[in-house]
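# Structural description and commentary
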Amino acid sequence: MIIHGGAPSPFARKVMVACEEKGLAYEDKVLIPFPKTPEFIAMNPLGKIPILEISGGRYISDSSVICAYLEKVHPEPALLPDDPYQYAQALFIDEFCDTKLFEGIGGIYFERFIKKKVFNGEADEAAVEKQIEEGLKPVLDQVEGLIPEKAGPLLDSGFSLADVAFGAQLSSLKLASVEIDAGRWPKTRAYSDWILARPSFQTVLEKAEGSIA
Ligand SMILES: N[C@@H](CCC(=O)N[C@@H](CS)C(=O)NCC(=O)O)C(=O)O
């Protein structure tokens, strides 16, 4: 299996962490999603990374779809719970992370990490400050209500895709050197420290730190 994208993408990290958790070997190939060449669009009509290449030169796109595929072909250890409600919760939290959490974190991460690593540029710190105030702080206020009292899996059923998706976005803050204030968001900070200490995340974060530029 080849994961086209690269560990700097939080969505590629989500897929890589899912593979690490399931003990699956993968090749990791950098693919910058610009420009939208015909070859790239042929791989993913949405023109986004990550893209999973499987046998027979077949491609699967979208991190959530890729994780659903991985679950079907390698069911153990499960990342999607059996219980229908917990299953729905795992999918919903995955979606929340990919949209809402990404909206709050993505701009800061782009300035502080992607601009430097991928485009060899400098962060616009005024833009970062504005995004921290207007994007990150409101979303962390919301997230604090979703996190359990004790740092550990988000769902009662145990470790799941919900944790993989949360960690994939929270890891962008770490890579962007943004600390979650333990005074204002104690549960989110403890959860972030817990999830990012998992061996799967450690491996993938090392890849992100060492990648490209
Ligand atoms: N819902 C998609 C989001 C993927 C995504 O937005 N990837 C970014 C890189 S982190 C991308 O390819 N952006 C290029 C673009 O939006 O044109 C997924 O989960 O895979």
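Just so it is clear, the model here is predicted, and its values are computed rather than measured.

### A few points about the overall build of the chain
- The helix and strand inventory of the chain stands at eight helices and four strands.
- Counting from the amino terminus, the chain carries its helices and strands in the arrangement β-α-β-α-β-β-α-α-α-α-α-α.
- Relative to the compact-globule value of 17 Å for 213 residues, the chain shows a C-alpha radius of gyration of 17 Å, a close match.
- Along the first, second and third principal axes, the C-alpha set of the chain runs to 50 × 45 × 25 Å.
- Buried residues in the chain amount to 33% of all 213 residues.

### Describing the nonpolar core
- Counting 43 residues, the largest nonpolar core has Val-15, Met-16, Ala-18, Ala-165 and Phe-166 as its most contacted members.
- Elements that contribute at least two residues to this core include exactly helix H1 (10–22), strand E3 (51–54), helix H3 (63–73), helix H4 (84–117), helix H5 (125–144), helix H6 (161–175), helix H7 (186–196) and helix H8 (199–210).
- Split by domain, this core shows at least three residues from each of two domains, domain 1 (2–73) and domain 2 (84–208).
- Aside from chain neighbours lying at most four places away, what touches Ala-165 is Lys-14, Ile-93, Asp-94, Cys-97 and Asp-98.

### Here we look at the environment of Glu-27
- As for its placement among the helices and strands, Glu-27 is situated in strand E2 (residues 27–30).
- It is 9.8 Å that separates the C-alpha atoms of Glu-27 and Leu-52, two residues lying 25 residues apart in sequence.

### Points about the domain arrangement of the chain
- If you check the domain split of the chain, you get domain 1 (2–73) and domain 2 (84–208).
- On a C-alpha basis, the centroid separation for the pair domain 1 and domain 2 is 20 Å.
- At the interface, 14 residues of domain 1 touch 21 residues of domain 2.
- The set of elements that each furnish at least two residues to the side of domain 1 that touches domain 2 consists of H1 and H3.
- Here the side of domain 1 that touches domain 2 gets eight residues from one element, more than from any other, and that element is H1.

### What to know about the packing of H1 against H8
- Between H1 and H8, whose axes approach to 9 Å, the crossing angle comes to 140 degrees. Compared by their axis directions, H1 and H8 come out oblique. You can see that H1 and H8 cross each other, and the crossing is right-handed. On H8, the residues that touch Arg-13, Met-16, Val-17, Glu-20 and Glu-21 of H1 are Ser-200, Phe-201, Thr-203, Val-204 and Ala-208.
- For the contact of H1 with H8, the class distribution of residues is five nonpolar, two polar and three charged.

### Examining the packing of H4 against H6
- Their axes nearest at 8 Å, the elements H4 and H6 cross at an angle of 10 degrees. Here H4 is positioned roughly parallel relative to H6, judged by the angle of their axes. Contacts between H4 and H6 involve Gln-89, Ala-90, Ile-93, Asp-94, Cys-97, Asp-98, Leu-101, Phe-102, Ile-105, Tyr-109 and Phe-113 on the former and, on the latter, Leu-161, Ala-162, Ala-165, Phe-166, Ala-168, Gln-169, Ser-172, Leu-173 and Leu-175.

### Re the sheet that holds E3
- Spatial strand order, E2-E1-E3-E4: four strands in an open sheet with mixed pairing. Whereas interior strands pair on both sides, the edge strands pair on one side only; in this sheet they are E2 and strand E4 (58–61). Taking the axes of each pair of neighbouring strands and ignoring which way they run, one obtains an average angle of 25 degrees across the sheet.
- Of the strand pairs in this sheet, strand E1 (residues 2–5) and E3 are connected by three bridges, and their pairing is antiparallel. By the bridge assignment for E3, His-4 is matched with Ile-51.
- Those strands touched by H1 are E1, E2 and E3, and its axis lies near 165 degrees from that of E1.

### Quick word on the site of the ligand
- Surveying the vicinity of the ligand reveals the residues Ser-9, Pro-10, Phe-11, Pro-33, Gly-47, Lys-48, Ile-49, Pro-50, Asp-62, Ser-63, Ser-64 and Asp-98.
- Contributions of two or more residues to the shell around the ligand are made by H1 and H3.

Scoring rules and cut-offs
- Residues numbered from 1 in each chain as written.
- Predicted model: local features only at pLDDT ≥ 70, side-chain atom pairs only at ≥ 80, totals over all residues.
- Helix = DSSP H or I, 4+ residues; strand = E, 2+ residues; numbered from the N terminus.
- Rg over C-alpha atoms; globule rule 2.2 N^0.38 Å.
- Buried ≥ 20, exposed ≤ 12 C-beta atoms within 10 Å, placed from the backbone.
- Core = buried A, V, L, I, M, F, W, Y, C linked by C-beta atoms within 7 Å.
- Domains from an automatic or database assignment.
- Contact = placed C-beta atoms within 7 Å.
- Axes fitted to C-alpha atoms, helices over the stretch in contact; angles between N-to-C directions.
- Parallel < 35°, antiparallel > 145°, perpendicular 65-115°, else oblique.
- Left-handed = near helix turned anticlockwise from the far one by under 90°.
- Nonpolar A, V, L, I, M, F, W, Y, C, P; charged D, E, K, R; others polar.
- Pairing = 2+ DSSP bridges.
- Near = placed C-beta within 6 Å.

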